[in-house]
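Topology and contacts: notes
Given next are the chains, with one letter for each unit.
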Amino acid sequence: MTQDQLKQAVAEAAVEYIRPKLYRDSIVGVGTGSTAALFIDELGKIKDEFKGAVASSDASARQLEDLGIEVYDLNSVNELIVYVDGADESNPQLELIKGGGAALTREKIVTAVAKEFICIADESKWVRVLGDFPLPVEVIPMARSYVARQLVKMGGRPIYREGVVTDNGNVILDVYDFDIPEPRKTETAINQIPGVVTNGLFALRPADVLLLGSADGVKEIHPGMT
């Protein structure tokens, strides 16, 4: 199967996974990126089975609205029954690197509200140690150079993602050559640098389940499974 076919398979599997959890007044959280976009398309096929959605990016919100799914501001929602999103990397503890699409801050906020975080990815995203994918860090523009210097001190090689402005008006530093054996500690340490909005490690709040597309079908993985 091609990577696109694997992504399509996990998008369909995600809808089947969440369907028994939905009820007429439930709100679904949806993420950002190529795999999440396929999930949104599949979600549109069952839009009469839930009330609406909260999106982690403006692009996802537009896609939901185009499908006739009502989009809610997170401030008006008490609970998200699930949050479904992709990842750039996942380890066996379902600690993730996210933010390749520059929506990491809103993704973290929506994840924090959700009762269950479901990650959907193809098998190329499965790793033993996080860090092959450059770690995105969202930064207030005036702090970009300062934060970059601090990231160098931590052992990384930060590169400014030129031409990218987040939905929050900030910039992205992508940290290369940065092995992350202790994601929770690293997530906390980077977030404590003045000027950092957040970073793309989802370790303090990892995924609850990973639906991983592989040549053998979609695997349902829970934290700690090998």
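Below or above, wherever it landed, is the structure these notes cover. (Residues numbered from 1 in each chain as written. Predicted model: local features only at pLDDT ≥ 70, side-chain atom pairs only at ≥ 80, totals over all residues. Heavy atoms only, no water.)

1. Some details on the packing of helix α2 (residues 34-43) against helix α3 (residues 58-66)
Running from amino to carboxyl end, α2 crosses α3 at an angle of 20°, the nearest separation of the two axes being 10 Å. Considered as vectors, α2 and α3 are oriented roughly parallel to each other. As α2 runs across α3, the sense of the crossing is right-handed. Packed against α2, whose contacting residues are Ala37, Ile40, Asp41 and Leu43, the element α3 presents Ser60, Gln63 and Leu64 at the interface. Of the residues in the contact of α2 with α3, the class split is four nonpolar, two polar and one charged. (Axes fitted to C-alpha atoms, helices over the stretch in contact; angles between N-to-C directions. Helix = DSSP H or I, 4+ residues; strand = E, 2+ residues; numbered from the N terminus. Parallel < 35°, antiparallel > 145°, perpendicular 65-115°, else oblique. Left-handed = near helix turned anticlockwise from the far one by under 90°. Contact = heavy atoms within 4.5 Å. Nonpolar A, V, L, I, M, F, W, Y, C, P; charged D, E, K, R; others polar.)

2. Brief notes about the sheet that holds strand β5 (residues 96-97)
Consider a sheet: its strands pair through backbone hydrogen bonds, and that pairing is either parallel or antiparallel. Strand order across the open sheet formed by three strands is β4-β5-β11, with antiparallel pairing between neighbours. The open sheet has two edge strands, β4 (89-90) and β11 (201-202), and neither has a second partner. Bridge count between β4 and β5: two bridges; the pairing is antiparallel. Looking at the pairing, glutamate 89 lines up with isoleucine 97 of β5. (Pairing = 2+ DSSP bridges.)

3. Some words on the pairing of strand β7 (residues 135-139)
Of all five residues making up β7, five are buried, and the element is well covered by its neighbours. Across the two faces of β7 the burial is the same, with Leu135, Val137 and Val139 and Pro136 and Glu138 all buried. Across five bridges, the pairing between β7 and strand β9 (residues 171-176) is antiparallel. By the bridge assignment, proline 136 is partnered in β9 with aspartate 174. Looking at chain direction, β7 and strand β10 (residues 196-199) are connected through three bridges and run antiparallel. Note that in β10 the partner of valine 137 across the bridge is asparagine 199. (Buried < 20%, exposed > 50% of the residue type's maximum accessible area, 1.4 Å probe, protein only.)

4. Brief notes about the side chain of threonine 35
Checked against the element boundaries, threonine 35 lands in helix α2. For threonine 35, a relative accessible area of 8% gives the class buried. Residue contacts for threonine 35: discarding those within four places in its chain leaves Lys7, Val10, Ala11 and Ile120.

Note that all results are geometric; they support no functional claim without further evidence.
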